[in-house]
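Single-letter residue listing:
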Amino acid sequence: MPDFSIHADYDKDGRISFSTREYQSRNTGTGAVVIPNIDVESRRLPNRVSNGAAPVLDWKNRSLVRGENEVSNIIIKKSAGTRFPANCNLVLKVVGKSRKKVRLYSSRGQRIIPMVGFSETLFSVPNFTNQITFKIQVHTLTGSPSTNTVSTTLTNDQLLRLELLCVVGANVQVADTSLLSVSPLIFMDNNAVVERLYICEIPEIQNIDQGNTPAIRDITNAFRSIRGVRLVKVPISTSLGDSWLQDQFQVGYCHKPRSIERVVLHLPRMRSNVVVVNNTPNLSTFVTEHFPSTNLGLFQEFWERNVANYVDANGRSQSLSFSQSYEVMSLLVKFWNLWSKLIRLDFDILHPPSDNTMLLSGIMNTIRENLKEILKNENLSEAREQLERYYTAIRDELNSRGADDINYSDDQRSFYTGLSADLTVRYNQVRDIVVLQHPNQISITTQRMGVITLSTEEANRLDAKIYALHDSTNYGGNLEVTPPIAGAPLGKIVLGSADRMDSELFGFLMSQGKQPILNINTSWLDVAHVDELVTFVSDPRSNGAKHAAFYASPKIAMDILTKAYTLYIQGLPNGHPHEIGRPLTIGTMRRMDAGNHPVTRLFRGKYWWHHHPEGALNPIEPPKLYLRMVEYFSYFVRYQSGEGRDRYYPAALNAHELLYFGSITNEWIADNFITNLVEQLSLETPDVELIPIPVLFDRVVQRENPDTEEVEPNFDDDSTTAFTPDMINMQIINGHLLIPKPHGPRMKTADAITVLRQVMDTKYHGKLNRRYFVSRRLHKTEVWMKSPLNPGTTQSELRQIAKQFRDGFPDNTLDEIQDLIFNANRRDFDRNDNLRSGWRKLTIPENTIGLFEAYTQIVAESLHLTVHWVDSWFYHVRLGGIHCGTNVIRRPQVRRSTYWWRVHT
C-alpha cells in the first residue's frame, strides 16, 4: 500500500475490513456505493394526510442526524512508520458530475466545509496519527438536471473519484485514488408488495358525477379482503381539488450494502386535473409536505431548476424557474392557438383547396409564403412579427363576406360575422400579452411576474423547449415497469412517446442505467400515457415466475359487440326494424330489447360531462363519438357546445350504435397501433404472456386515404382516448386488481355464454357457466347514483331509473320494472320514490351478465388474481382511470442476485 491510502467498503460486504482484496478493488467496477441522503430520519411517514410545512431534508442540516443509513464511511490510513512530508497539506478532492452535491463530515458528524476559492470540490484533511475517519454523503441522483451540464473526466455519470493529494507549495502529488458510485434509482414492478394506497377525496360540488365517492367506497369495500395495506385518503384541503395522484410522483429505491432508501421522484407536473385554467394549484405541496420521512427520500430537483433568463419591469436580470415557466407556457399556447385559428380560417373556410373561384390577393400570397417559413421553423419572433398582418387580412375578408349582400345568404353572412367577432376577441387577448418590442426583444405580460422581457433568441429557444417541459408524457401514468425478464433482471422502464418528454427527465431515466428503456407509441392518445395501453401482472402463486401483460384490445371489444349484435339480430321476429344496417333515429328503437336475445345498452345511468370554464385551454366535452351521434339523432339527443355552466348528457348507447359510429376508428387502431404494440412487447418482453382486454376508443375525425381511397381515421390531426372505461388502467395490490367497471353491454346468462365462447380461448371455457357467474356476482347489475338524477324533470327518480334500465327487463312493463327496482333497494328511496341523500349503490334485478366484465374476470383469475370492480366514471369523463387516480408505496424486493452493481444490461 502507499504511504497514505483511502479505504471504504469497496467489496460491498457492508463493512470496511482493510483487507488486501477489498483495497485492490478500489478503482475497479463501481468502487464503494453511496445513496442520496434526501430523507428525514427523525420523522415517521404520517398515517394521515394533513397540511403543514415541508420537512427539512437531512442533507440540509449542519450536522448529521443520528442513525443516518445513507452516510458512508471513508477512512484515510497512514502506513506504519510513515511521516508527513515537511509542509505537506493533505487534501481530499472529489471528481465527477455530482461533486458539488457531496458533503463531508467528521467521525462525530460535524460538517467539513469545502476549501474556499476553488472551482473544484476540495476538503482539507487534518494531521492524524494512524488513521482518520470521515463520513461522506451525496444529496442528488445521477442524471439530475442540476448536474447534467457539469463536465468531468469520468465516463460513467454514476461515478465519483476521490483523490488524496499531498500539496507542498505549488507541488501536488496524488497519494491515492478510489471510486465511489451513486446508487441508481430503481423502479419497482407491480409484483412488489404494496404497503399503502393513496386516493384523493373529491366531494360533490355539483350534481350527478362531480365527486369520486363511488370509487372511494368501492375501494374501501375491496380493502376488507386486502390485508396488510393501509388506505390513505388525501383530503381536498390538501389536494386542492386535484385527483391525479399517479401523475404527480413515482416511487423507487436506492440501495447499498445493508441499507435501502425509498425515493419519491417528484415529477415535473404543474397541471391541476385535466382542464387548465391559469395557475391552479395541484398536488405538488402534498408530495413535499407528506412523504419525506425515515428512509423515504424526496427528489425535488426537477422543480428546483431554472429554464431561462429574463429582464423584469425594473430592468433587473432574473431567472425563470420551472414553476414560473408554466404560466409563460400557458400564454404562449394561447398565442399559437390564435395562429391555429387563423390557419384553419384561411385554409379550411376562406380558401380551401377545392375553392378555385377566388384568387388570393397579393398580400395574402405574401403572408402565406411567410407563413410556410414560420411554421417550418416554429419561430416565435417571426410569428409575432407577422401576426397583425395575417390577422388583419383574415378579419377583413371575414368582414367583407359578412357585409356582402350579393354572394352570400343571411345565414352565411351571419356565420362569417360571428367568426370575425370570435377572431377579434382572441386577437385582443393575445395582442398585448406577447409583444415584439423591436427586432431583438419580446415581452410577455404575466400575472405572477409582471412584464418579462427576453431577447428574441432566448424567447425562440424558450418557446422551442417549454412545451416539452410541461408535456403530459412527463407524468407518472406514463411510466410502467416490466417484471424481471431476460436481459433486464430489474425489469424495463416502459415509456410512452418518449420523444415528446422533457429531455432532462428522459436523460435522468436513461442515466440510472440498470433498467433498459422500452419506448412505445402513445402519440395517438389525448393524454399519451402508457398506462392506458398496457399493464404488467404476475401470478402470485408462481413466486414471481409467471408474468403477463394485459393490453388494451379494441379487437376483442369489437368482437364481443359484433357477436352480441349478431345473436340479437338472429333472435328478432321477421321484419323487425333493427334488421336494417344502420341505427334507427326513433327514440324507442334505440333499445335492443326485442326478440329472444336482448342486449342492454352500455353506460346506463351514466352521464357525459361538459366542462368549459371561460379561458380554459383544454375543456372537457363529451366524446367525439357521442357528438357524431348528436348529429345523427338530432331530434332526440341535444347538445350545447361552448363556454358556460357545466352540462350533463345521458351516456347510454347500444351495441349497434357503437359499432356503427366507432368501428372505423377502432378497427384501424387494432390493425395498426395495437398490432405494433403486441409485436414490440413480444420482442422486448420475452416469456411474458400477452393477454388482450376489451377497451374501445373514441371516434377520430375521418379522411379518405388518397392511396387506397378508403375512409380512415385522421390521426395526423386528431387523437383519441378510451371510450369505454379503460380496464387496463387498473391498480395492482398484492395479487388484487382494482379494475375500472366498464359499464358495458349485458345479456342473459345463456346468451353471454354463447357470445364469450366465440371470443375467448378454449382454455377459459370451463368458467363459462352460471355457477361461476353467480359465485363472482357477475349476474348482479349494480350502479352508483345520486339525487338529483336530472335536474328540472318532474318525474320521480325511481321512474327515471326504471326507464334508464328498461332494456334489462324486456318482458316487464315499466310499472313492473319500477316495483322490482324499488323492492331491491327499499332503503335507498323515500316515500316520494326519490333517492335519499348521498350516493346510493343500487342493485338492478335484471339477472344479466356483463360481457366485458365476465371476459376480464375470467382471464385475470386464470393468473390467480383477485378482481375488485371499481366505479371509475368520475375519472373516466376526465380522461383517466383508477390507476391514474391512485398511487401506492411498494416495498423493495432486493436480492443478492439482483444487486444493481451485479446487474449488466
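Here the structure is shown first, and the text comes after it.
The following paragraphs examine the structure supplied in this document. (Residues numbered from 1 in each chain as written. Predicted model: local features only at pLDDT ≥ 70, side-chain atom pairs only at ≥ 80, totals over all residues. Heavy atoms only, no water.)

**Notes on the state of the cysteines**
Here's step 1: Tallied over the entire structure, the rule returns one disulfide.
Here's step 2: One disulfide in the model links Cys-88 with Cys-166; its S-S distance is 2.2 Å. You can see Cys-88 sitting in the loop between β3 (72–78) and β4 (89–95) and its partner Cys-166 sitting in strand β9 (residues 159–168), a full 78 residues away along the chain. Note on accessibility: Cys-88 and Cys-166 belong to one class, buried.
Here's step 3: There is no disulfide at Cys-200, and the cysteine sulfur nearest it, in Cys-884, is 12 Å away. (Disulfide = S-S within 2.5 Å. Helix = DSSP H or I, 4+ residues; strand = E, 2+ residues; numbered from the N terminus. Buried < 20%, exposed > 50% of the residue type's maximum accessible area, 1.4 Å probe, protein only.)

**Re the sheet that holds strand β39 (residues 886–891)**
Here's step 1: With respect to topology, three strands assemble into an open sheet ordered β13-β12-β39, the strand pairing being mixed. Each of the sheet's edge strands pairs with one partner strand only, and the pair in question is β13 (230–234) and β39. Strand-to-strand, the axes of this sheet are offset by a mean angle of 20 degrees, without reference to chain direction. (Pairing = 2+ DSSP bridges. Axes fitted to C-alpha atoms, helices over the stretch in contact; angles between N-to-C directions.)

**Some details on the packing of helix α17 (residues 797–804) against helix α18 (residues 814–824)**
Helix packing for two helices is described by the angle between their axes and how far apart those axes are.
Here's step 1: Running from N to C, α17 and α18 point in directions that differ by 110 degrees, and their axes come no closer than 9 Å. In terms of orientation, α17 lies roughly perpendicular with respect to α18. Across from Leu-798, Arg-799, Ile-801, Ala-802 and Lys-803 in α17, the residues of α18 making contact are Leu-814, Asp-815, Ile-817, Gln-818, Ile-821 and Phe-822.
Here's step 2: Split into classes, the residues belonging to the contact of α17 with α18 amount to seven nonpolar, one polar and three charged. (Parallel < 35°, antiparallel > 145°, perpendicular 65-115°, else oblique. Contact = heavy atoms within 4.5 Å. Nonpolar A, V, L, I, M, F, W, Y, C, P; charged D, E, K, R; others polar.)

**Some details on the pattern of salt bridges**
Here's step 1: Tallied over the full model, the rule gives 42 salt bridges.
Here's step 2: Between Asp-871 and Lys-606 there is a salt bridge, with its nearest N and O atoms 2.7 Å apart. Highlighted residues: Asp-871 in the loop between β38 (866–870) and α20 (873–876) and Lys-606 in the loop between α12 (554–570) and β27 (607–610), separated in sequence by 265 residues.
Here's step 3: Residue classification places Asp-871 among the buried positions, given a relative accessible area of 4%.
Here's step 4: Look at Lys-606 and you get buried, because its relative accessible area is 6%.
Here's step 5: One salt bridge connects Arg-776 with Glu-861, and the closest N-O pair in it is separated by 2.8 Å. (Salt bridge = Lys/Arg side-chain N within 4 Å of Asp/Glu carboxyl O.)

**A closer look at the sheet that holds strand β24 (residues 517–520)**
Here's step 1: A sheet is described by the order of its strands in space; here three strands give the open sequence β22-β23-β24, paired in mixed fashion. Edge positions in the sheet fall to β22 (479–481) and β24, since each of these pairs with one other strand and no more. Strand-to-strand, the axes of this sheet are offset by a mean angle of 30 degrees, without reference to chain direction.
Here's step 2: Each of β22, β23 (493–496) and β24 touches helix α11 (residues 503–512); the most contacted strand, β24, lies at about 140 degrees to it.

**Here we look at helix α13 (residues 624–632)**
Residue pairs three or four apart in sequence face the same way in an α-helix, which turns once every 3.6 residues.
Here's step 1: Looking at α13, one finds that the buried residues are Leu-625, Tyr-626, Met-629, Val-630 and Tyr-632. Viewed end-on, α13 has its buried residues packed into an arc of 160 degrees, placing them on one side of the element.
Here's step 2: Elements in contact with the buried residues of α13: β27, β28 (647–650) and α14 (655–684). (Arc of directions from axis to C-beta.)

**Brief notes about the pairing of strand β8 (residues 131–138)**
Here's step 1: When β3 meets β8, the two strands line up antiparallel, connected through six bridges. When the sheet's bridge partners are listed, Asn-73 is paired in β8 with Lys-135.
Here's step 2: Here five bridges tie strand β5 (residues 102–106) to β8, and the two strands are oriented antiparallel to one another. Paired with Tyr-105 across the bridge in β8 is Lys-135.

**Structural notes on the packing of α12 against α14**
Here's step 1: Where α12 meets α14, the closest approach of the two axes is 9 Å, and the angle between their N-to-C directions is 150 degrees. On the basis of the axis angle, α12 is roughly antiparallel to α14. In this structure, α12 meets α14 at a crossing whose hand is left-handed. Here Pro-554, Lys-555, Met-558, Leu-561, Thr-562 and Tyr-565 of α12 come into contact with α14, specifically with Ala-655, His-656, Leu-658, Leu-659, Ser-663, Asn-666, Glu-667, Ile-669, Ala-670 and Ile-674.
Here's step 2: In terms of residue class, the contact of α12 with α14 is made up of ten nonpolar, four polar and two charged. (Left-handed = near helix turned anticlockwise from the far one by under 90°.)

**A short note on α14**
Here's step 1: Compared with the 44 Å implied by 1.5 Å per residue over 30 residues, the 36 Å span of α14 between its first and last C-alpha is markedly short.
Here's step 2: Largest kink in α14: about 65 degrees, centred on Gly-662.
Here's step 3: Where α14 begins, the side chain of Asn-654 points an oxygen toward the backbone nitrogen of His-656, at a separation of 2.9 Å. (Expected span 1.5 Å × (residues − 1). Bend = angle between axes of the 7 residues up to and from the residue. Polar contact = N/O pair within 3.5 Å; in protein donor to acceptor, adjacent residues only side chain to side chain.)

**Some points on unusual backbone geometry**
Here's step 1: Residue Pro-788 is bonded to the preceding Ser-787 through a cis peptide linkage, with omega at 0 degrees.
Here's step 2: Following the sequence through the fold, Pro-788 ends up in the loop between β35 (781–786) and α17.
Here's step 3: For Lys-12, which is not glycine, the phi torsion reads 55 degrees and is therefore positive.
Here's step 4: Positioned with a positive phi, His-864 is a non-glycine residue whose angle comes to about 60 degrees.
Here's step 5: Inspection of the secondary structure assignment puts His-864 in the loop between α19 (851–861) and β38.

**Quick word on empty space enclosed by the protein**
Here's step 1: Under the definition given, this model contains seven cavities of 30 Å³ or more.
Here's step 2: Elements with a contribution of two residues or more to the lining of the largest cavity: β14 (249–256), β22 and β39. (1 Å grid on protein atoms, 1.4 Å probe; cavity = no way out; pocket = protein on both sides within 12 Å on 5 of 7 lines; lining within 4 Å. Points joined across faces, edges and corners; volume = space filled by probe spheres on them.)

**Here's the deal with the environment of Ser-381**
Here's step 1: Within the secondary structure, Ser-381 is located in helix α8 (residues 380–403).
Here's step 2: Once residues lying within four places of it in the same chain are set aside, the contact partners of Ser-381 are Leu-436, Ile-442, Thr-456 and Asn-460.
Here's step 3: Of note is the side chain of Ser-381, whose polar atom sits 2.7 Å from the side chain of Asn-379.

**Notes on the nonpolar core**
Here's step 1: If you look at the biggest cluster of nonpolar residues, it comprises 112 residues, and the most contacted ones within it are Trp-524, Phe-550, Ile-560, Leu-737, Ile-801 and Tyr-855.
Here's step 2: Other than its neighbours up to four places away in sequence, Phe-550 contacts Leu-533, Val-534, Thr-535, Val-537, Ile-691, Ile-693, Ile-728, Met-730, Leu-737, Ala-860, Leu-863 and Leu-865. (Core = buried A, V, L, I, M, F, W, Y, C linked by side-chain atoms within 4.5 Å.)

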